[in-house]
Amino acid sequence: MAGSSHGHTPAAWTGVTIVFIGFIVAGAFMVMAEPLGFWAGMVIVALGGVVGGIMRAMGLGMPKDAHPVHQVTTTREPAGAEA
């Protein structure tokens, strides 16, 4: 994945940062046994996905044509076969 610059965009960084904050909030409130705070953290997690998607739609994500096409071969020689 590193060869294709996967996730190195403002949309990805922003979305992941918001989701991370949401998990921290939800985790803290879960330990404190406060269901309302936990669900507020889960809303923040969902918001991170929405913000990342909106930013990608605005052109701040990885363009679709930048992803390399991987070729898959369907015929393979057996492991012990000699040519």
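Procedures and definitions
Residues numbered from 1 in each chain as written. Predicted model: local features only at pLDDT ≥ 70, side-chain atom pairs only at ≥ 80, totals over all residues. Heavy atoms only, no water. Phe/Tyr/Trp six-rings, centres within 6.5 Å; stacked < 30°, edge-to-face > 60°. Buried < 20%, exposed > 50% of the residue type's maximum accessible area, 1.4 Å probe, protein only. Axes fitted to C-alpha atoms, helices over the stretch in contact; angles between N-to-C directions. Helix = DSSP H or I, 4+ residues; strand = E, 2+ residues; numbered from the N terminus. Parallel < 35°, antiparallel > 145°, perpendicular 65-115°, else oblique. UniProt positions renumbered as here; feature names shortened; annotations may be inferred.

**Side note on the packing of aromatic side chains**
Pairs of aromatic rings are described using the distance from one ring centre to the other and the angle between the two planes. Here the structure, examined in full by the defined rule, presents one aromatic pair. Between Phe38 and Trp39 the ring centres are 4.9 Å apart and the planes differ by 75°, which places this aromatic pair in the edge-to-face class. For Phe38, a relative accessible area of 22% corresponds to the partly exposed category.

**Digging into the packing of helix α1 (residues 10-31) against helix α2 (residues 35-60)**
Running from N to C, α1 and α2 point in directions that differ by 180°, and their axes come no closer than 7 Å. One finds that α1 runs roughly antiparallel with respect to α2.

**With respect to the UniProt feature "transmembrane region" (unreviewed entry) in the protein chain**
This chain's UniProt record puts "transmembrane region" (unreviewed entry) on residues 12-32 and 38-55. A helix fraction of 100% and a strand fraction of 0% characterise residues 38-55, whose end C-alpha atoms lie 26 Å from each other.

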